[in-house]
Amino acid sequence: DDSGAATNWLTAKKTIQAAVDLAGDGDTVWVTNGVYETGGAITPGYVLSNRVCITKAMTLRSVNGPDATIIKGAVGTNGGNDTDSMRAVFMSGGSRLIGFSVTEGTTIPSGGNYIYDRSGGGVWMNAGCVVSNCIVSSNSAASYAGGVYMLNASIDDSVIDGNWANVAGGLSGRSGSEGIAGGCVFKNNHSIQYAGGVYEMTLNNCL
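Because the structure is a prediction, the values reported are computed rather than measured.

*Asks:* Lay out the pairing of strand β17 (residues 164–167) in plain terms, naming residues and giving numbers.
*Replies:* The pairing of strand β13 (residues 140–144) with β17 spans three bridges and is classified as parallel. Residue pairing across strands places Ala-141 opposite Ala-165, the latter belonging to β17. Taken together, the two bridges between β17 and strand β21 (residues 190–191) define a ladder with parallel strand orientation. Bridged to Ala-165 within β21 is Ser-191.

Next up, the structure:
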């Protein structure tokens, strides 16, 4: 349960968020096999909840990769983006996310901030953050980037598959803020307006 010290597997936390809250800058939180769909925290200064909310320079890493370790957000009561939606992962402070499947993250449909509360249903990344060896699938956002939204951040060796948004179904940055994707695969993503796959990004060796 979440009362453990989290210094070994016998005292591991039940939720990822509880371990993240305990960690400090430079720490690594190791996550073993499972589907993680409980716990969470609200984005600091905003309104949207996240299954995992990281705000420090730490690493969140799975033991056995994305096929075995799944972080699930939550769809709203309408089956999509709704007032009770939950993003899967929020990242700031130069944090790193390595080796997870990230799925079923959604955003609120209106109100709040259109970038922080209505973009990045799967993963939202701020400056200096890195996502690596992840599968980001079946997420949605009411504004930008159903899969991954980033500001001066990067993603590498990952698959962005089957995400949906108003703009940029798979991955989006923002004009004037550099976002880089390297060695990634984008497929089956959709948007209502611009860029089913990728919008305002630099791509290196991607499909």
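Here the narrative resumes.
*Asks:* Just give me the short version of the sheet that holds β21, but keep the residues and values in it.
*Replies:* Read across the sheet, three strands follow the order β13-β17-β21 without closing on themselves; strand pairing throughout is parallel. Two strands bound the open sheet, and with one partner strand each, they are β13 and β21.

*Asks:* Which residues make up the pattern of salt bridges, and what are the values?
*Replies:* Applying the stated criterion across every chain yields a total of two salt bridges. When the shortest N-O distance is used, the salt bridge between Lys-72 and Glu-37 registers 3.8 Å. In this pair, Lys-72 sits in strand β6 (residues 69–72) while Glu-37 sits in the loop between β2 (34–36) and β3 (41–42), placing the two residues 35 residues apart along the sequence. Classification of Glu-37 by relative accessible area gives partly exposed; the value is 43%. When the shortest N-O distance is used, the salt bridge between Lys-72 and Glu-104 registers 3.6 Å. In this pair, Lys-72 is assigned in strand β6 and Glu-104 in the loop between β9 (101–103) and β10 (123–125), connecting sequence segments 32 residues apart. The buried category is assigned to Lys-72, whose relative accessible area is 18%. Taken together, the shared-partner salt bridges connect Glu-37, Lys-72 and Glu-104 into one network.

The rules behind each value
Residues numbered from 1 in each chain as written. Predicted model: local features only at pLDDT ≥ 70, side-chain atom pairs only at ≥ 80, totals over all residues. Heavy atoms only, no water. Pairing = 2+ DSSP bridges. Helix = DSSP H or I, 4+ residues; strand = E, 2+ residues; numbered from the N terminus. Salt bridge = Lys/Arg side-chain N within 4 Å of Asp/Glu carboxyl O. Buried < 20%, exposed > 50% of the residue type's maximum accessible area, 1.4 Å probe, protein only.

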